[in-house]
Amino acid sequence: MLQMSLNRALIFLGPPGAGKGTQANRVARRYEVPHLSTGDMLRDAVTRGTELGRMAKPIMERGELVPDDIVLGMVEERLSRPDAKSGFIFDGFPRTIPQAEQLDEILKRRGFSKPVVVEFHVNADVLLHRVAGRWTCSVGGETYNVFERPPKVAGVCDNDGGKLVQRCDDRPEVVKERLAAYERQTKPLEDYYRRKGVLEVVDGTANVEEVSRALAEIIKRAEGRDGHL
Ligand code: AP5
(Lines give C-alpha, C1' and ligand atoms only; values in the text may rest on other atoms or scores of the structure.)
Protein backbone atom coordinates (compact mmCIF):
# COMPACT_ATOMS: atom_id res chain seq x y z
CA MET A 1 0.00 0.00 0.00
CA LEU A 2 1.27 3.52 -0.85
CA GLN A 3 2.54 5.29 2.28
CA MET A 4 0.93 8.74 2.60
CA SER A 5 2.89 11.52 4.22
CA LEU A 6 1.51 14.40 6.26
CA ASN A 7 4.70 16.46 6.71
CA ARG A 8 3.01 19.15 8.75
CA ALA A 9 1.11 19.84 11.93
CA LEU A 10 -2.57 19.13 11.93
CA ILE A 11 -4.35 20.95 14.75
CA PHE A 12 -7.78 19.83 15.95
CA LEU A 13 -9.69 22.59 17.69
CA GLY A 14 -13.04 22.09 19.37
CA PRO A 15 -14.86 21.85 22.69
CA PRO A 16 -14.89 18.74 24.93
CA GLY A 17 -16.69 15.89 23.19
CA ALA A 18 -16.42 17.40 19.69
CA GLY A 19 -14.72 14.25 18.38
CA LYS A 20 -11.11 15.50 18.17
CA GLY A 21 -9.61 12.42 19.85
CA THR A 22 -11.73 9.96 17.84
CA GLN A 23 -10.60 11.49 14.55
CA ALA A 24 -7.00 12.16 15.59
CA ASN A 25 -6.61 8.47 16.40
CA ARG A 26 -7.83 7.51 12.91
CA VAL A 27 -5.75 10.09 11.00
CA ALA A 28 -2.65 9.14 13.02
CA ARG A 29 -3.05 5.48 12.02
CA ARG A 30 -3.66 6.40 8.39
CA TYR A 31 -0.59 8.63 8.05
CA GLU A 32 1.56 6.81 10.63
CA VAL A 33 2.27 10.02 12.54
CA PRO A 34 1.95 10.59 16.30
CA HIS A 35 -1.37 11.62 17.83
CA LEU A 36 -0.32 14.24 20.37
CA SER A 37 -3.07 14.79 22.93
CA THR A 38 -1.94 17.12 25.71
CA GLY A 39 -4.90 15.80 27.74
CA ASP A 40 -3.59 12.21 27.40
CA MET A 41 -0.03 13.34 28.27
CA LEU A 42 -1.30 15.07 31.41
CA ARG A 43 -3.51 12.10 32.41
CA ASP A 44 -0.49 9.84 31.97
CA ALA A 45 1.55 12.10 34.29
CA VAL A 46 -1.30 11.99 36.84
CA THR A 47 -1.44 8.16 36.69
CA ARG A 48 2.34 7.89 37.11
CA GLY A 49 2.23 10.35 40.03
CA THR A 50 5.02 12.57 38.64
CA GLU A 51 5.57 16.07 40.00
CA LEU A 52 3.82 17.48 36.91
CA GLY A 53 0.93 15.04 37.41
CA ARG A 54 0.49 16.02 41.08
CA MET A 55 0.35 19.68 40.05
CA ALA A 56 -2.06 19.11 37.14
CA LYS A 57 -4.48 16.72 38.90
CA PRO A 58 -6.57 19.21 40.93
CA ILE A 59 -6.68 21.68 38.02
CA MET A 60 -7.97 19.02 35.64
CA GLU A 61 -10.50 17.78 38.20
CA ARG A 62 -11.95 21.31 38.33
CA GLY A 63 -12.13 21.44 34.51
CA GLU A 64 -9.69 24.36 34.27
CA LEU A 65 -6.64 24.73 32.02
CA VAL A 66 -3.16 23.74 33.16
CA PRO A 67 -0.70 26.72 32.99
CA ASP A 68 0.77 27.48 29.55
CA ASP A 69 4.45 27.05 30.51
CA ILE A 70 3.83 23.51 31.78
CA VAL A 71 1.98 22.45 28.65
CA LEU A 72 4.51 24.13 26.32
CA GLY A 73 7.43 22.40 28.04
CA MET A 74 5.69 19.05 27.61
CA VAL A 75 4.99 19.69 23.91
CA GLU A 76 8.55 20.88 23.14
CA GLU A 77 9.95 17.73 24.71
CA ARG A 78 7.55 15.51 22.75
CA LEU A 79 8.34 17.18 19.41
CA SER A 80 12.06 16.58 19.89
CA ARG A 81 11.52 12.81 19.53
CA PRO A 82 12.36 11.22 16.14
CA ASP A 83 8.81 10.02 15.39
CA ALA A 84 7.60 13.64 15.14
CA LYS A 85 9.82 14.45 12.15
CA SER A 86 7.22 13.80 9.43
CA GLY A 87 4.27 15.58 10.98
CA PHE A 88 1.87 15.08 13.88
CA ILE A 89 -1.66 15.72 15.02
CA PHE A 90 -2.38 17.99 17.94
CA ASP A 91 -5.57 17.13 19.79
CA GLY A 92 -6.40 19.71 22.48
CA PHE A 93 -3.35 21.89 21.85
CA PRO A 94 -2.97 24.84 21.54
CA ARG A 95 -5.75 26.05 23.84
CA THR A 96 -4.78 29.66 24.55
CA ILE A 97 -3.39 32.51 22.45
CA PRO A 98 0.05 32.34 24.17
CA GLN A 99 0.20 28.58 23.41
CA ALA A 100 -0.66 29.27 19.74
CA GLU A 101 1.93 32.05 19.43
CA GLN A 102 4.61 29.86 20.95
CA LEU A 103 3.63 26.96 18.70
CA ASP A 104 4.08 29.17 15.61
CA GLU A 105 7.67 29.77 16.74
CA ILE A 106 8.32 26.10 17.45
CA LEU A 107 7.00 25.00 14.03
CA LYS A 108 9.09 27.63 12.25
CA ARG A 109 12.19 26.61 14.19
CA ARG A 110 11.62 22.95 13.28
CA GLY A 111 11.15 23.77 9.58
CA PHE A 112 7.47 22.88 9.27
CA SER A 113 5.30 24.82 6.85
CA LYS A 114 1.87 26.22 7.74
CA PRO A 115 -0.25 23.93 9.91
CA VAL A 116 -3.75 22.85 8.95
CA VAL A 117 -6.17 23.85 11.69
CA VAL A 118 -9.58 22.18 11.83
CA GLU A 119 -12.38 23.43 14.02
CA PHE A 120 -14.96 20.78 14.95
CA HIS A 121 -18.33 22.53 15.11
CA VAL A 122 -20.81 20.85 17.53
CA ASN A 123 -23.56 22.36 19.72
CA ALA A 124 -23.53 22.12 23.53
CA ASP A 125 -26.43 19.62 23.95
CA VAL A 126 -24.74 17.09 21.67
CA LEU A 127 -21.42 17.59 23.51
CA LEU A 128 -22.92 16.85 26.95
CA HIS A 129 -24.64 13.71 25.63
CA ARG A 130 -21.45 12.46 23.97
CA VAL A 131 -19.20 13.02 26.95
CA ALA A 132 -21.70 11.30 29.26
CA GLY A 133 -21.56 8.17 27.07
CA ARG A 134 -17.81 8.11 26.40
CA TRP A 135 -15.66 5.08 27.25
CA THR A 136 -12.02 4.95 26.09
CA CYS A 137 -9.70 2.00 25.50
CA SER A 138 -6.94 1.96 28.10
CA VAL A 139 -4.59 0.29 25.57
CA GLY A 140 -5.03 1.83 22.07
CA GLY A 141 -7.08 4.93 22.94
CA GLU A 142 -10.09 4.07 20.73
CA THR A 143 -13.21 5.92 21.94
CA TYR A 144 -16.71 4.46 22.11
CA ASN A 145 -20.06 5.88 23.02
CA VAL A 146 -22.44 3.60 24.90
CA PHE A 147 -25.45 5.40 23.36
CA GLU A 148 -24.35 5.58 19.74
CA ARG A 149 -21.15 3.57 19.12
CA PRO A 150 -21.07 0.82 21.75
CA PRO A 151 -18.32 -1.81 21.65
CA LYS A 152 -19.36 -5.34 20.60
CA VAL A 153 -18.69 -6.57 24.16
CA ALA A 154 -19.43 -4.15 27.03
CA GLY A 155 -16.25 -2.77 28.61
CA VAL A 156 -13.89 -4.33 26.02
CA CYS A 157 -12.22 -2.65 23.01
CA ASP A 158 -13.16 -4.14 19.61
CA ASN A 159 -9.66 -3.42 18.20
CA ASP A 160 -7.30 -4.83 20.81
CA GLY A 161 -9.38 -6.27 23.66
CA GLY A 162 -8.21 -3.46 25.99
CA LYS A 163 -10.28 -2.52 29.06
CA LEU A 164 -12.59 0.46 28.49
CA VAL A 165 -12.47 3.20 31.14
CA GLN A 166 -14.37 6.44 31.90
CA ARG A 167 -12.62 9.76 32.65
CA CYS A 168 -13.08 11.37 36.04
CA ASP A 169 -13.49 14.85 34.47
CA ASP A 170 -16.54 13.65 32.51
CA ARG A 171 -18.91 14.34 35.43
CA PRO A 172 -21.60 16.83 34.20
CA GLU A 173 -20.56 19.68 36.56
CA VAL A 174 -16.89 19.39 35.46
CA VAL A 175 -17.89 19.18 31.78
CA LYS A 176 -19.80 22.47 32.19
CA GLU A 177 -16.62 24.13 33.52
CA ARG A 178 -14.57 22.63 30.66
CA LEU A 179 -17.06 24.06 28.17
CA ALA A 180 -16.85 27.47 29.88
CA ALA A 181 -13.02 27.33 29.78
CA TYR A 182 -13.24 26.55 26.07
CA GLU A 183 -15.47 29.58 25.38
CA ARG A 184 -13.29 31.86 27.50
CA GLN A 185 -9.75 30.77 26.55
CA THR A 186 -9.80 28.60 23.42
CA LYS A 187 -12.58 30.03 21.22
CA PRO A 188 -10.42 33.13 20.39
CA LEU A 189 -8.04 30.76 18.55
CA GLU A 190 -10.67 30.35 15.83
CA ASP A 191 -10.20 34.03 14.87
CA TYR A 192 -6.44 33.80 15.38
CA TYR A 193 -6.12 31.02 12.79
CA ARG A 194 -8.86 32.42 10.51
CA ARG A 195 -6.87 35.63 10.17
CA LYS A 196 -3.80 33.58 9.18
CA GLY A 197 -5.85 31.84 6.48
CA VAL A 198 -5.35 28.29 7.84
CA LEU A 199 -8.71 27.58 9.54
CA GLU A 200 -10.99 24.86 8.17
CA VAL A 201 -14.31 23.90 9.73
CA VAL A 202 -15.98 20.48 9.84
CA ASP A 203 -19.51 19.64 10.93
CA GLY A 204 -18.69 17.55 14.02
CA THR A 205 -22.33 16.43 14.39
CA ALA A 206 -22.01 14.29 11.25
CA ASN A 207 -21.27 10.60 11.89
CA VAL A 208 -17.69 9.40 12.47
CA GLU A 209 -17.21 8.13 8.89
CA GLU A 210 -18.52 11.37 7.37
CA VAL A 211 -16.24 13.50 9.56
CA SER A 212 -13.27 11.26 8.55
CA ARG A 213 -14.10 11.80 4.88
CA ALA A 214 -14.32 15.59 5.35
CA LEU A 215 -10.91 15.55 7.07
CA ALA A 216 -9.34 13.47 4.29
CA GLU A 217 -10.53 16.11 1.78
CA ILE A 218 -9.06 18.93 3.88
CA ILE A 219 -5.70 17.16 4.20
CA LYS A 220 -5.63 16.47 0.46
CA ARG A 221 -6.32 20.13 -0.36
CA ALA A 222 -3.48 21.19 1.96
CA GLU A 223 -0.89 18.98 0.22
CA GLY A 224 1.69 21.12 -1.53
CA ARG A 225 0.65 24.28 0.32
CA ASP A 226 3.84 25.89 1.59
CA GLY A 227 5.12 28.82 3.61
CA HIS A 228 5.19 29.71 7.29
CA LEU A 229 2.67 31.55 9.45
P1 AP5 B 1 -8.53 16.87 26.84
O2 AP5 B 1 -8.19 15.48 27.17
O3 AP5 B 1 -7.84 17.55 25.72
O4 AP5 B 1 -10.12 16.96 26.68
P5 AP5 B 1 -11.06 17.90 25.79
O6 AP5 B 1 -10.40 18.85 24.86
O7 AP5 B 1 -11.99 18.50 26.77
O8 AP5 B 1 -11.70 16.98 24.75
P9 AP5 B 1 -12.28 15.57 24.97
O10 AP5 B 1 -11.18 14.57 25.02
O11 AP5 B 1 -13.27 15.56 26.10
O12 AP5 B 1 -13.18 15.42 23.66
P13 AP5 B 1 -12.83 15.03 22.16
O14 AP5 B 1 -13.12 16.22 21.28
O15 AP5 B 1 -11.49 14.40 22.03
O16 AP5 B 1 -13.99 13.98 21.89
P17 AP5 B 1 -13.92 12.40 21.68
O18 AP5 B 1 -13.29 12.09 20.36
O19 AP5 B 1 -13.38 11.71 22.89
O20 AP5 B 1 -8.27 17.83 28.12
C21 AP5 B 1 -8.58 17.42 29.43
C22 AP5 B 1 -8.01 18.43 30.44
O23 AP5 B 1 -6.55 18.48 30.33
C24 AP5 B 1 -8.44 19.90 30.22
O25 AP5 B 1 -9.66 20.17 30.85
C26 AP5 B 1 -7.24 20.66 30.87
O27 AP5 B 1 -7.33 20.68 32.27
C28 AP5 B 1 -6.04 19.80 30.50
N29 AP5 B 1 -5.39 20.23 29.24
C30 AP5 B 1 -5.27 19.46 28.10
N31 AP5 B 1 -4.63 20.15 27.15
C32 AP5 B 1 -4.33 21.36 27.65
C33 AP5 B 1 -3.68 22.53 27.11
N34 AP5 B 1 -3.24 22.56 25.84
N35 AP5 B 1 -3.55 23.61 27.93
C36 AP5 B 1 -3.98 23.58 29.20
N37 AP5 B 1 -4.62 22.53 29.77
C38 AP5 B 1 -4.79 21.42 29.00
O39 AP5 B 1 -15.49 12.08 21.53
C40 AP5 B 1 -16.37 12.20 22.63
C41 AP5 B 1 -17.45 11.11 22.56
O42 AP5 B 1 -18.25 11.31 21.38
C43 AP5 B 1 -16.91 9.68 22.46
O44 AP5 B 1 -17.75 8.83 23.18
C45 AP5 B 1 -16.96 9.35 20.95
O46 AP5 B 1 -17.12 7.99 20.72
C47 AP5 B 1 -18.18 10.15 20.52
N48 AP5 B 1 -18.05 10.67 19.16
C49 AP5 B 1 -16.95 11.22 18.58
N50 AP5 B 1 -17.22 11.62 17.33
C51 AP5 B 1 -18.54 11.33 17.12
C52 AP5 B 1 -19.43 11.51 15.99
N53 AP5 B 1 -19.01 12.09 14.86
N54 AP5 B 1 -20.72 11.13 16.14
C55 AP5 B 1 -21.16 10.56 17.29
N56 AP5 B 1 -20.36 10.33 18.39
C57 AP5 B 1 -19.08 10.72 18.28
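None of the values given here were measured: they were computed from a predicted structure.

A. Examining the sheet that holds strand β7 (residues 164–165) more closely. In spatial order, the strands read β6-β5-β7; together these three strands make up an open sheet with antiparallel pairing. This sheet does not close on itself; its edge strands, each paired only once, are β6 (143–145) and β7. One ladder, built from three bridges, connects strand β5 (residues 134–137) with β6; its direction is antiparallel. Directly across from Thr136, in β6, lies its bridge partner Thr143.

B. Local environment of the site of the ligand. The full set close to the ligand counts 35 residues, and Thr22, Glu64, Arg95, Arg134 and Arg178 are the nearest of them. A distance of 2.9 Å separates an oxygen atom of the ligand from a polar side-chain atom of Arg43. Notes on the ligand: free accessible area 1100 Å², of which the protein chains cover 97%. The set of elements that each furnish at least two residues to the shell around the ligand consists of α1 (20–31), α2 (38–48) and β6. Sorting elements by how many residues they give to the shell around the ligand places α2 first, with four residues. Partitioned by chemical class, the residues of the shell around the ligand number 12 nonpolar, 12 polar and 11 charged.

C. Expanded view of the packing of helix α5 (residues 97–109) against helix α8 (residues 188–195). The interhelical angle for the contact between α5 and α8, taken along N-to-C directions, is 30°, at an axis separation of 10 Å. Contact residues: Ile97, Ala100, Glu101, Leu103 and Asp104 in α5; Pro188, Leu189, Tyr192 and Tyr193 in α8. By residue class, the composition of the contact of α5 with α8 is seven nonpolar, no polar and two charged.

D. Local environment of the environment of Pro115. Looking at the element boundaries, Pro115 is found in the loop between α5 and β4 (116–121). Between the alpha carbons of Pro115 and Asp104 there is a distance of 8.9 Å; along the sequence they are 11 residues apart.

Calculation notes
- Residues numbered from 1 in each chain as written.
- Predicted model: local features only at pLDDT ≥ 70, side-chain atom pairs only at ≥ 80, totals over all residues.
- Heavy atoms only, no water.
- Pairing = 2+ DSSP bridges.
- Helix = DSSP H or I, 4+ residues; strand = E, 2+ residues; numbered from the N terminus.
- Near = heavy atom within 4 Å.
- Polar contact = N/O pair within 3.5 Å; in protein donor to acceptor, adjacent residues only side chain to side chain.
- Areas by Shrake-Rupley, 256 points an atom, 1.4 Å probe, with all protein chains shown as cover.
- Nonpolar A, V, L, I, M, F, W, Y, C, P; charged D, E, K, R; others polar.
- Axes fitted to C-alpha atoms, helices over the stretch in contact; angles between N-to-C directions.
- Contact = heavy atoms within 4.5 Å.

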